[in-house]
Amino acid sequence: MSIFKGSAVAIVTPYDNSLEQNINYDVFTDLIEFQIENGTDAIVVAGTTGEASTQTDAEQVELVKFCVEQVNGRVPVIAGAGSNDTAHGIQLTKDCVAAGADAILSVTPYYLKTSQAGLLAHYGAIADAIKTTPIILYDVPGRTGMSIAPKTLAELKNIDNIVALKDATGDLANAVDTRFHVGPDFDVYSGNDDTVIPLMSLGGQGVISVLANIAPKQVHEMTHYALNGDYQKAAELQTTFKPLIDILFSEPNPIPIKKALSMLGFDTGSVRLPLVPAQEETVACLEAEMTRLNLI
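The rules we used
Residues numbered from 1 in each chain as written. Predicted model: local features only at pLDDT ≥ 70, side-chain atom pairs only at ≥ 80, totals over all residues. Heavy atoms only, no water. UniProt positions renumbered as here; feature names shortened; annotations may be inferred. Helix = DSSP H or I, 4+ residues; strand = E, 2+ residues; numbered from the N terminus. Buried < 20%, exposed > 50% of the residue type's maximum accessible area, 1.4 Å probe, protein only. Contact = heavy atoms within 4.5 Å. Salt bridge = Lys/Arg side-chain N within 4 Å of Asp/Glu carboxyl O. Patch = residues over 30% accessible without salt bridge, like charges linked within 9 Å, V, L, I, M, F, W, Y side chains within 5 Å. Areas by Shrake-Rupley, 256 points an atom, 1.4 Å probe, with all protein chains shown as cover. Phe/Tyr/Trp six-rings, centres within 6.5 Å; stacked < 30°, edge-to-face > 60°. Polar contact = N/O pair within 3.5 Å; in protein donor to acceptor, adjacent residues only side chain to side chain.

Okay, the UniProt feature "active site" (unreviewed entry) in the chain next. Per the UniProt record, "active site" (unreviewed entry) is annotated on Tyr 138 and Lys 166. The annotated residues occupy 29 residues of the chain but converge on a single region, no pair of C-alpha atoms lying more than 4.8 Å apart. By the secondary structure assignment, Tyr 138 is in strand β5 (residues 135-139). Judged by relative accessible area, which is 7%, Tyr 138 ranks as buried. If we skip the residues at most four places from it in the chain, Tyr 138 touches Thr 48, Leu 105, Ser 106, Val 107, Thr 108, Tyr 123, Lys 166 and Ala 168.

Here the focus is the pattern of salt bridges. With the rule as written, the count across this model stands at nine salt bridges. Ionic pairing is found between Glu 69 and Lys 65, a salt bridge with its closest N-O pair at 2.8 Å. One end of the pair is Glu 69 and the other is Lys 65, both in helix α2 (residues 57-71) and four residues apart, which spans about a single turn. Lys 65 sits in the partly exposed class, given a relative accessible area of 36%. Between Lys 242 and Asp 246 there is a salt bridge; the shortest N-O distance is 2.8 Å. On the criterion of helical spacing, the pair formed by Lys 242 and Asp 246 is a turn pair, its members being four residues apart in helix α11 (residues 242-248). Given a relative accessible area of 38%, Asp 246 falls into the partly exposed group.

A few words on a nonpolar patch on the surface. A contiguous nonpolar patch, built from Tyr 110, Tyr 111 and Leu 112 and spanning about 400 Å² of accessible area, is present on the exposed surface. Within the fold, Tyr 111 resides in the loop between β4 (103-107) and α4 (116-130).

Mapped onto the elements, Phe 66 comes out in helix α2. Spatially, the C-alpha atom of Phe 66 lies 9.1 Å from that of Phe 28, the residues being 38 residues apart in sequence. Setting aside anything within four residues of it in sequence, one finds Phe 66 in contact with Tyr 25, Phe 28 and Thr 29.

What follows deals with the packing of aromatic side chains. Enumeration over the complete set of coordinates arrives at five aromatic pairs. Residues Phe 4 and Tyr 189 carry aromatic rings whose centres are separated by 4.1 Å and whose planes lie at 10° to one another, so their mutual orientation is stacked. Note that Phe 4 is positioned in the segment before β1 (6-10) and Tyr 189 in strand β7 (residues 187-190), a separation of 185 residues in sequence. Across the pair, exposure class does not vary: Phe 4 and Tyr 189 are buried alike. Taken together, the ring pairs connect Tyr 25, Phe 28 and Phe 66 into an aromatic cluster.

Once that is clear, we can look at the UniProt feature "site: Part of a proton relay during catalysis" (unreviewed entry) in the chain. Following the UniProt record, one finds the feature "site: Part of a proton relay during catalysis" (unreviewed entry) at Thr 48 and Tyr 111. Position of Thr 48 among the secondary structure elements: in the loop between β2 (42-45) and α2. Apart from residues lying up to four places away in sequence, Thr 48 is in contact with Tyr 138, Arg 143, Asn 253 and Pro 254. Among the residues examined, Tyr 111 registers a relative accessible area of 73% and is labelled exposed.

Once that is clear, we can look at the side chain of Gln 35. Inspection of the secondary structure assignment puts Gln 35 in helix α1 (residues 25-37). Overall, the relative accessible area of 2% leaves Gln 35 in the buried class. Of the polar contacts made by the side chain of Gln 35, one reaches the side chain of Thr 40; its length is 2.6 Å. Every residue in contact with Gln 35, bar those within four places of it in the chain, is listed here: Val 9, Ile 11, Thr 40, Ala 212, Asn 213 and Pro 216.

To continue, consider unusual backbone geometry. Going from Asn 253 to Pro 254, the amide bond is cis rather than trans, its omega being 10°. Its place among the elements puts Pro 254 in the loop between α11 and α12 (255-263). Along the chain, Leu 273 connects to Pro 274 via a cis peptide bond; the corresponding omega equals 15°. Note on placement: Pro 274 falls in the loop between α12 and α13 (280-292). The backbone phi angle of Ala 46 is positive, close to 60°, even though this residue is not glycine. The phi angle at Lys 113 is positive, at roughly 55°, despite the residue not being glycine. Within the fold, Lys 113 resides in the loop between β4 and α4.

Below, the structure written as structure tokens:
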């Protein structure tokens, strides 16, 4: 059974404007409700877009717990809980499951990287530690320096609670190879907003989306057009939003998306160092494109 079909938002973490940049749970509540009101099919909390890498474990787990309680079963809550240290990843994953997460998003080990045999051992240990909670593998070589080979995925899918892949490779030839090796009963989600519909045409079940932070209704509609076989309408939305997607990734994510949310009236605060606020040119481009799309 799929964890979700359609659009999952990779939700940002809002901070207050204090020097400590504490998590702003009032704004986080507003962001969650905005997503659910506009049809988002799942929420991914404490992922890359949520700035998990500059949060303490306690902050990350508290975010998950708060999100689970606020959502209250209305959509699945997926917790980012990856690490380049397997022991740390196991503990963080256990803590997120205890906080109520419906599923885990687990990134490949970064910096250290590893071999494909190491990936099998890493993910096998994490999966064994939580037994039944579903795991989505997260393949994002642009950030981690390594990828999950399709043949490795074919082995990992034999682990009962490893059920899906977030494919942020941007490589459609690799996506074809992945589909060949894992078959139709292993869910694949696009991790890139600019390849959602091409990947879904290969049997993908949707997207874990940055764009959905500011256009949740439209990303939901786009993915469900594809799920229902209307690729013409899906493609129209994919191409219509391509210029905005390019701007959202013109600086490191989540710098532009946090600025875009502020243009919608959400006081998400700044990003934490070493990230810095969006450049003036990015802000101007965001304003122009969001105006064109009637988002503001």
